Amino acid sequence: MSQPHRTPDGLESAGTGVAVGEDGLARTPWALGSAMLREYYDHEWGMPVRDERGLFERLSLEGFQSGLSWATILAKRENLRAAFARFDPDTVAAFDETDVERLLADAGIIRHRGKITATIGNARATAALRDHSGLAELIWSHQPATTPRPRVVEEIPTRSPESEALAKRLRAAGFRFVGPTTMFALMEAVGIVDTHLMGSHRRGASGVWSE
């Protein structure tokens, strides 16, 4: 029997196809969880991100999401941006223990010491990658030859051989909170794979994958 797939809003559903909103547009069901999630789904999720800062931000947000709902992260996103210097890797890489204590006292963000220190360490690892391929090239080099074509939520993968390989590469480069499931979510978010349900009005919107 198929297992339910945990969607970005933290809800579980099984055997569920596209959901049609009040505007008549079909979407993957999690997008109708709130106006905030619909806005994110319609305008950002799955669109290509290829610059270092943009990828560092999204990698950081996926790390903070671990164990939480994506709705929680979206609600705190602007606070996280402010707290982490809009995710400028060089600025975050220079954070010290005083900054860690400041962040732990900030009620507007996710106050998890491990995730905070991982974000700082990941900023340093991002800077170090510039002497090699760079973060963007490393991440996008794991684009698969084909993308999933899910008809229902239960057909959406939560990891892949490519996300496992990406997680391994990032860990070797000193990154943390970059497990295979987290990295598959990153790949979905930045357009490396397209997991919009077939029939969604956003399917193929990234331009990375032709139907």
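Source: prediction; values computed, not measured.

A. Just the nonpolar core, in detail. Phe 84 and Leu 170 are the most contacted members of the largest nonpolar core, which has 49 residues in total. Not counting the four nearest positions on each side in its chain, Leu 170 is found in contact with Leu 59, Leu 135, Leu 138, Phe 175, Val 178 and Met 183.

B. Fine view of the environment of Ala 94. Along the chain, Ala 94 turns up in the loop between helix H4 (89-93) and helix H5 (97-104). Residue classification places Ala 94 among the exposed positions, given a relative accessible area of 58%. Sequence separation between Ala 94 and Ile 120 is 26 residues, and the spatial gap between their C-alpha atoms is 7.9 Å.

C. Local environment of the packing of helix H8 (residues 161-172) against helix H9 (residues 180-189). Closest axis-to-axis distance for the H8/H9 pair is 8 Å, and the angle between their directions is 110 degrees. In terms of orientation, H8 lies roughly perpendicular with respect to H9. Across from Glu 162, Ser 163, Glu 164, Leu 166, Ala 167, Leu 170 and Arg 171 in H8, the residues of H9 making contact are Pro 180, Met 183, Phe 184 and Met 187. In the contact of H8 with H9, the residues fall into 7 nonpolar, 1 polar and 3 charged.

D. Here's a closer look at unusual backbone geometry. A positive phi angle, close to 50 degrees, is found at Ala 85, a residue other than glycine. Inspection of the secondary structure puts Ala 85 in the loop between helix H3 (70-83) and H4. On the basis of relative accessible area, Ala 85 is assigned to the partly exposed category, the value being 27%. If you check the backbone angles, Arg 86 has positive phi at about 55 degrees while not being a glycine. For Arg 86, the location among the structural elements is in the loop between H3 and H4.

Cut-off values and rules
Residues numbered from 1 in each chain as written. Predicted model: local features only at pLDDT ≥ 70, side-chain atom pairs only at ≥ 80, totals over all residues. Heavy atoms only, no water. Core = buried A, V, L, I, M, F, W, Y, C linked by side-chain atoms within 4.5 Å. Buried < 20%, exposed > 50% of the residue type's maximum accessible area, 1.4 Å probe, protein only. Contact = heavy atoms within 4.5 Å. Helix = DSSP H or I, 4+ residues; strand = E, 2+ residues; numbered from the N terminus. Axes fitted to C-alpha atoms, helices over the stretch in contact; angles between N-to-C directions. Parallel < 35°, antiparallel > 145°, perpendicular 65-115°, else oblique. Nonpolar A, V, L, I, M, F, W, Y, C, P; charged D, E, K, R; others polar.

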